[in-house]
Structure formats: structure tokens, C-alpha cells
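Descriptive analysis of the structure
Read off the chains here:
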Amino acid sequence: MGTDKALLPYRGGTLVAAVAREVEAAAGSVVLVGRPDGFEGFHAIPDLYPGEGPLGGILTALHHTSAEWNLILACDMPRVSAEFLRELLARADGDGLVPVGPSGRPEPLCAVYHRRALAGLEAAFARGVRKVTAAFTEDMRLSPVVSGFQNVNTPEDWAAYGE
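Since the model is a prediction, treat every value here as computed from it, not as a measurement.

What counts and how
Residues numbered from 1 in each chain as written. Predicted model: local features only at pLDDT ≥ 70, side-chain atom pairs only at ≥ 80, totals over all residues. Heavy atoms only, no water. Pairing = 2+ DSSP bridges. Helix = DSSP H or I, 4+ residues; strand = E, 2+ residues; numbered from the N terminus. Axes fitted to C-alpha atoms, helices over the stretch in contact; angles between N-to-C directions. Expected span 1.5 Å × (residues − 1). Buried < 20%, exposed > 50% of the residue type's maximum accessible area, 1.4 Å probe, protein only. Left-handed = near helix turned anticlockwise from the far one by under 90°. Contact = heavy atoms within 4.5 Å. Phe/Tyr/Trp six-rings, centres within 6.5 Å; stacked < 30°, edge-to-face > 60°. Lys NZ or Arg CZ within 6 Å of the ring centre and 35° of its normal. Salt bridge = Lys/Arg side-chain N within 4 Å of Asp/Glu carboxyl O. Core = buried A, V, L, I, M, F, W, Y, C linked by side-chain atoms within 4.5 Å.

1. A short note on the sheet that holds strand S5 (residues 69–73)
The sheet built from 4 strands is open, its strands ordered S5-S7-S6-S8 with mixed pairing. Looking at which strands have only one partner, the edges of the open sheet turn out to be S5 and strand S8 (140–144). Adjacent strand axes in the sheet meet at a mean angle of 25 degrees, parallel and antiparallel pairs treated alike. In this sheet, S8 lies alongside strand S6 (residues 96–100) in parallel orientation, the contact comprising 5 bridges. Residue pairing in the sheet places Gly 96 in a bridge with Met 140 of S8.

Here it is, written out as C-alpha cells:
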């Protein structure tokens, strides 16, 4: 996209702040993975695997957490709501719950992961797997959803949201 999506202006603040507020409303707390000094007002931890993609970020979050269940979200989902996230948390079981959108593709960066998924995800990462869905354990549940998330990958996607 050519710019840091986290810092895009959105609803009087940044996109990352809007998404973080929804996570906090659903889960009670929020921790961001990335630059510890880059997200004012929110606790952030450094990525243990910088440059290794989203799977490295998920592993970082699961290494850091003491919670059994963890919402893992990308910062580029302006339509995500606390209500939708609470529903995901309520339905989670196994090693995690990954919603599948209308396109038929799973959205592993708007999902709930149990802390016990760490070992299987980490083993896949150690084997060189970087695609999140390729690292899933056999106890990872996929669940169809009608709406609740839409990520922003291009300037055209972002233009659809406006300010």
C-alpha cells in the first residue's frame, strides 16, 4: 500500500487505535505487536520475529500472553466491531476459531487463538512455514461468518472507508 496502514487517519485518530479500542471493548485489554514506541496510548511489545510476516506476530503475541484465549487482529480492519469479536470469543474452542468470510477464505488475522496453539504454530514456523493457515494445527476450527471484518490492502480499499 506504500504507507503504514496502522497510522492511517480514521475516526479522528488512527486506524490502529480504532481497531485496538474494539479489541479492548471485547476482551478487556489490548497489547499491540510492533514498535513499542509507535502506538501512543496502547501497550506494545516488540515483534520477536521482525520481517517474518504475520505468523511471527501471532507467535509473539502468544509468547507474551498469560490469557488462555487471545484475540489476534491485524490493524487494517476498520469494520471490525467489539460485538463481532465477543461472538468469536464466545464460540472459540479447540486450538482456536478462525472466521471464514463470504469469499470462502479464512481470516487468520481476525481470529481467536488458545495459548496451547503456540507449540504447533511454533513448530511449523521452525520448519520454515510463514503462511499462517499452513501452520494451523488440526484442532484449529474454521467457522463461516457473514460479516464482521474487511481488511484494507490497497489504496482503493482504503478509499472506500474515507475519514
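Structure shown, so let's carry the discussion forward.
2. Structural notes on helix H1 (residues 15–27)
Residues that lie three or four places apart on an α-helix share one face, since the helix turns once every 3.6 residues. In this model H1 runs 18 Å from its N-terminal to its C-terminal C-alpha over 13 residues, within 8% of the 18 Å that 1.5 Å per residue would give. Inspection of H1 places Leu 15, Val 16, Ala 17, Ala 18, Val 19, Ala 20, Val 23 and Ala 26 among the buried residues, and these make up the whole buried set. Note on H1: the residue one or two positions beyond its end, Gly 28, has a positive phi of about 95 degrees.

3. A closer look at unusual backbone geometry
In this model, Arg 11 sits at a positive phi of 50 degrees, which is unusual for a non-glycine residue. Overall, Arg 11 belongs to the exposed group, its relative accessible area being 58%.

4. Quick notes on the packing of helix H2 (residues 54–64) against helix H4 (residues 117–126)
As a packed pair, H2 and H4 sit with axes 10 Å apart at the nearest point and diverge in direction by 145 degrees. Crossing of H2 over H4 shows left-handed handedness. Residues Leu 55, Gly 56, Ile 58, Leu 59, Leu 62 and His 63 of H2 form the contact with H4, whose own contacting residues are Leu 118, Leu 121, Glu 122 and Phe 125.

5. What about the packing of aromatic side chains?
Aromatic rings considered in pairs are described by the distance between their centres and by the relative angle of their planes. In the structure shown here, the tally under the stated rule is 1 aromatic pair. Arg 130 extends its terminal NZ or CZ atom over the ring of Phe 125, reaching a point 3.6 Å from the ring centre.

6. Things to note about the pattern of salt bridges
In the structure shown here, the tally under the stated rule is 5 salt bridges. Where Glu 52 meets Arg 130, a salt bridge forms, and the shortest distance between an N and an O atom there is 2.6 Å. With Glu 52 in the loop between strand S4 (43–45) and H2 and Arg 130 in the loop between H4 and S8, the pair connects residues that are 78 residues apart, well separated along the chain. For the salt bridge of Glu 68 with Arg 115, the shortest nitrogen-to-oxygen distance reads 2.9 Å. Of this pair, Glu 68 sits in the loop between H2 and S5 while Arg 115 sits in the loop between strand S7 (110–114) and H4, and the two are 47 residues apart along the sequence. Residue classification places Arg 115 among the partly exposed residues on the basis of a relative accessible area of 30%.

7. What to know about the nonpolar core
Formed by 48 residues in total, the largest nonpolar core has its most connected members in Leu 32, Ile 58, Leu 85, Tyr 113 and Leu 121. For this core, the secondary-structure elements that each account for two or more residues are H1, H2, S5, helix H3 (82–91), S6, S7 and H4. Sort the elements by how many residues they give to this core and H1 lands first, with 8 residues. Apart from residues no more than four positions distant in its own chain, Leu 32 is found in contact with Val 16, Ala 20, Phe 39, Phe 42, His 43, Ala 44 and Ile 45.

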